[in-house]
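Each chain is listed here by its residues.
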Amino acid sequence: MEIIELTAVQLAQKIRSRELSSKEVVNYYAERIRSLDGEINAFITQSFDIALKQAEEVDKKIAKSEEVAPYAGVPIGIKDLIVTKGLRTTCASKILENFIPPYDGTVARKVKENGLPIMGKLNMDEFAMGSSNENSYFGPVKNPWDLQRVPGGSSGGSAAAVAAGEVPWALGSDTGGSIRQPASFCGIVGLKPTYGLVSRYGLVAFASSLDQIGPMTRNVEDAAALLEIIAGHDPFDATSLDVDLPKFTEEIKKDVKDLKIAVIKELSGEGIDEGILNCFNNTLKKLEDAGVIIEEISLPSTSYALSAYYLIAPAEASSNLARYDGVRYGYRIENAENMLELYMKSRSEGFGDEVKRRIMLGTYALSAGYYEAFYGKALKARRLIRQEYERAFETYDLLVSPTTPTVAFKLGEKVSDPLKMYLSDVCTVSANLAGLPSASVPCGLSEGFPVGFQIIGPALSDHLVLRLSKAVEDATQFELKPLKELKK
Amino acid sequence: MSLEKLLKEKGYEAVIGLEIHTELQTNSKMFCGCPARVFGLEPNTAVCPICLGLPGTLPVPNQKAVEWTVKIALALNCKINEFSQFHRKNYFYPDMPKNYQISQYDYPIGVNGYLEIETSKGQKRIRIHRVHLEEDTGKLVHVGRTGRISEAEYSLIDFNRAGVPLVEIVTEADIETPEEAKVFMQTLRSVLLTLEVSDCNMEEGSLRCDANVSIRPKGSTSFGTKTEIKNLNSFRALEKGLEYEIKRQLETVLSGKKVVQETRHWDDANKRTVTLRTKEEAHDYRYFPEPDMVPMEISTQIVEKIRSELPELPFEKKKRFIREYSIKEKDAGILVSDKEMAEFFEEAARLSNNPQAVANIILSELLYHLNESDVWFSDIRITPKHISDLVNLLESGKISSKIAKEVFAEAFKTGKNPEEIVRERGLEQISDDTMLESIIYEVLNENPQAVKDFKEGKKQAIGFLVGQVMKKTQGKANPQMVNEKILEILSNN
Ligand SMILES: [Zn+2]
């Protein structure tokens, strides 16, 4: 079997059994990135030299029969929002174009400790603000299924890199759908874990109360494996949960028979493309055949979700992004006349349009006299949404819907209409507002493009979400075509 | 004319509220592991990615700092909010690494307390509006001719102080005079020192004070337009700054103008307040709940535990000193103003049967020597036992008060026991009558002129004669006794 056909878990087995060396694998993927990424543009920074060093270390250990981590030697790509010590971390922004972090975040540390060679930092929408990856200072990412189309966003680079076979697996982050929506557009598996399951220490904040790092992989088993690597309590993150974790790679092997799930009515009808609904409904039938009990539920508060999200996220962002002011690090204009000019010009030249739009939105929503009408109301809606989901989970194990209303759209199609762009997050934002685990699993094609099946579970049911994801995967036998079609 | 008189004459009164900040001396900063005691360190040496607010870092609250804030709030008789929360206070300033300060807003740790103070006019209760916890900012150094930001060639930032736990204490507008404000600050300082949460060094900035001031026609129930005065960072500055500002407001009002709501800066060098920013330039801080932290729940159990561990506070201690040791109220007040002094006094007072005499020695001799040698109680060699021994020597008439001063100085210098000093140097008072009489006769014989003067009615001549006897005995005689004896001898002859 060729290296490209192996999943991350399979690669790990072959590296441990010395059928393959980590160095061979890294070299293989480096070669593939070199030949493909000129067009796809998934990488902002490539770090093959670092990856090779890590690979050699793993190989040396294995050669000496020393203990290595379970998935040691399998290369990975990391969204450029995750801080990596000594390796440029730009957040796809001009303002951090040359920022080299002096520390490792918790997830980056875990990746290194687990011996995963880092191939580079992946493209994204600037500061994770966007749904098409067109808001990157480093240029848009192309969808490996069709280079005229967007890969989704904000973790578009991560999704495209995995789908194109530039890396076996990748890390993304999800604030309102930023893992699941691009996973859906690119035909891969993406999981946004329960809020607090994965440390945010070292994840550059977009909206602190919504952000979560998660795996983006070719299949569910890889997602479970990568989650095992990155999840866990972290004393450096005060919102991190201190709980015992199940073994996700074992959990996905369990049967889904008698799982009781419900289709979210508001997200599975009007406003969703017909092709998508067809795929979704076909998948439901197959799940039913596998013994899953399927009903329908109405979650009326869903209609507030998008508005609440687009107030809360920008409000937090307006504060989180205040630190980029040209004073201590990052982009700074030359010869400022005074402090105010230094601030204003560095920020207006350093940030892209979408980031500025959201900073203004958020600043406004928090302003004296407007707080209650905007931010305060959004918080109330958020509480309602959370309560509604909690009640739903008293009856159902999991809730499902399509991940996106449309398949991957064309580059440039929605850039001029932010509201239309924001609508692509309509199915995904609720899980972030409620802090719930949610996955997108490919479940077929519509007009030749991948369709994502979204699963949402109660807090800390990540293992259940993954278990149903596995059932969807088994039922649909989805094929990630670009892996073979894109030749290096 | 004194300010008080002036106000009275014009029919006005001042309304003052204070906003005090004190840095907590915990081991580590508020949200990271860097040391919190940073004064005097090389710039930017006590920093890490977290307190520098680097992208991706997160704050994790220092539990000790939270407990200490509860302690302060309890000492100020506050109600502790069971549910407390951090908020972000958003504004741009280069001394703030994140361009927001993690502070508290509508759920501070403590609310609705009070502190009793004692002014020249008696006891008064100043209500405490709130006590909350936040992080300190860094420090700017403006390099240029004047050291002011507007005229600086460039500015340097030291982030050592950024993230040091900072407690904000806000009073109600219960303070009426600059003196009350000063006494409040002094009392608060001694409370904080007793709690051992801060070194309260105003020069080093670990205790800072801003004030809100307004004036109104006496008896009015509504408030006048207030100004906020910043940089009142010594007791003197606080008193002088308030005096200046109240006078300025009074003059403004009396000349028919209106006080403008603004923030003013106390210029200590020129002894005046100057406009810092007007109301229009005030920030909209856009407070919102800090999403990087979960709300704090401070259980009744924890509160009660902290309450039970509170040390005796100065005000209570003062009452107890008066009750247990029957010392003068004024002396008790001074003794409890410093924790170490109070402890030193109490130890000595317990060993002695004349606590007032112990207090006298501490408040005169000891304070004098401490001042002279610029040390404090923790660094001295003289012990409480020495003080009580000295009192015993005095009480029993073994030494005169003049000799006592000498013995004290020696004991202070060497740490030797006063009894030993008296013995070694033969300083015991001459209480042997015959011996004293023979010395007196000697002096009378040597000074016939003085004797003659006395007999001719110049009564003050006796002072000279007593002095001569004291000189001959190297101070070891009891001057009172010498006086009596001379009178007795001369009137019998
Ligand atoms: Zn620090």
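Everything below is about the structure shown above.
Small disclaimer: the values here were computed from a predicted structure and weren't measured. (Residues numbered from 1 in each chain as written. Chains lettered and ligands numbered in written order. Predicted model: local features only at pLDDT ≥ 70, side-chain atom pairs only at ≥ 80, totals over all residues. Heavy atoms only, no water.)

Undergrad: Go over the overall build of chain A, please, and point to the residues and values.
TA: Secondary structure assignment for chain A yields 17 helices and eleven strands. The globule rule puts the C-alpha radius of gyration for 488 residues at 23 Å, and the 21 Å found for chain A is close to it. On the principal axes, the C-alpha backbone points of chain A span a range of 60 × 55 × 45 Å. Split into buried and exposed, the 488 residues of chain A put 65% on the buried side. For chain A, the proportion of contacts with a sequence separation of at least 24, taken over those separated by at least 6, is 76%. (Helix = DSSP H or I, 4+ residues; strand = E, 2+ residues; numbered from the N terminus. Rg over C-alpha atoms; globule rule 2.2 N^0.38 Å. Buried < 20%, exposed > 50% of the residue type's maximum accessible area, 1.4 Å probe, protein only. Contact = heavy atoms within 4.5 Å.)

Undergrad: Can you break down the coordination of the zinc ion residue by residue, with the values?
TA: Residue and element names in this part refer to chain B. Of the protein atoms, only C32 (SG), C34 (SG), C48 (SG) and C51 (SG) coordinate the zinc ion, at distances of 2.3 to 2.4 Å. What the four donor atoms of the zinc ion show is an angle range of 101 to 114° at the metal, which sorts the shape as tetrahedral. Read in sequence order, the donor residues for the zinc ion give the motif C-x1-C-x13-C-x2-C. With a gap of 19 residues between them, C32 in the loop between β1 (12-23) and α2 (63-75) and C51 in the loop between β1 and α2 connect regions that are remote in the sequence. (Donors = N, O, S within 2.8 Å, 3.2 Å for Na, K, Ca; no water. Tetrahedral: all angles 85-135°; square planar, octahedral: opposite > 155°, others 65-115°.)

Undergrad: Outline the nonpolar core, listing residues and values.
TA: Among the nonpolar cores identified, the biggest contains 172 residues, and A:M119, A:F127, A:W169, A:L171, A:L399 and A:L468 are the most heavily contacted of them. Broken down by element, the residue count for this core peaks at ten residues, all from helix α10 (residues 302-320) of chain A. One finds B:C78, B:I109, B:I298 and B:L313 within the second-largest nonpolar core, a separate group that totals 65 residues. (Core = buried A, V, L, I, M, F, W, Y, C linked by side-chain atoms within 4.5 Å.)

Undergrad: Tell me about the sheet that holds strand β15 (residues 288-289) of chain B, and name the residues and values.
TA: Ordered in space as β5-β4-β15 (chain B), the three strands form an open sheet in which the pairing is antiparallel. Unpaired on one side and paired on the other, β5 (100-103) and β15 of chain B mark the two borders of the sheet. Bridge count for strand β4 (residues 87-90) of chain B against β15(B) is two bridges, and the pairing is antiparallel. Bridge assignment links B:H87 to a residue of β15(B), and that residue is B:P289. Across the face of the sheet, α10(A) comes into contact with β4, β5 and β15 of chain B while running at roughly 60° to β4(B). (Pairing = 2+ DSSP bridges. Axes fitted to C-alpha atoms, helices over the stretch in contact; angles between N-to-C directions.)

Undergrad: Residue-level account of helix α4 (residues 106-113) of chain A, with values.
TA: All names here are of chain A. Taken residue by residue, α4 has T106, V107, A108, K110 and V111 as its buried positions. Lining the buried residues of α4 we find β2 (76-79), β3 (118-122), β4 (169-174), β6 (212-217) and α7 (220-230). A positive phi of about 70° marks G115, the residue just after α4.

Undergrad: Account for the state of the cysteines, with residues named and values stated.
TA: Residues and elements named next belong to chain A. Considering all chains together, one arrives at zero disulfides over all chains under this definition. You can see C443 has no disulfide; the closest cysteine sulfur is in C279, sitting 5.1 Å from it. Relative accessible area serves as the criterion here: at 6%, C443 is assigned to the buried category. (Disulfide = S-S within 2.5 Å.)

Undergrad: Summarise the pattern of salt bridges; cite the residues concerned and give the values.
TA: Scanning the entire structure with this criterion turns up 63 salt bridges over all chains. As a salt-bridge pair, A:D104 and A:K112 come within 2.7 Å of each other at their nearest N and O atoms. One salt bridge in this structure joins B:R307 and B:E304, with 3.1 Å as the shortest N-O distance. Of this pair, B:R307 and B:E304 are both found in helix α5 (residues 300-308), three residues apart, which corresponds to roughly one turn of the helix. Look at B:R307 and you get partly exposed, because its relative accessible area is 40%. A network of salt bridges, in which partner residues are shared, links B:E312, B:K317, B:R320, B:E324, B:E346 and B:R350. (Salt bridge = Lys/Arg side-chain N within 4 Å of Asp/Glu carboxyl O.)

Undergrad: Quick one: what's the story with the packing of aromatic side chains, residue by residue and with numbers?
TA: Residue and element names in this part refer to chain A. Under the definition given, this model contains 34 aromatic pairs over all chains. Centre to centre, the rings of Y364 and F374 are 5.7 Å apart; their planes meet at 45°, and the pair counts as tilted. In this pair, Y364 is assigned in helix α12 (residues 353-366) and F374 in helix α13 (residues 372-395), connecting sequence segments ten residues apart. Here Y364 falls in the partly exposed class, since its relative accessible area comes to 43%. (Phe/Tyr/Trp six-rings, centres within 6.5 Å; stacked < 30°, edge-to-face > 60°.)

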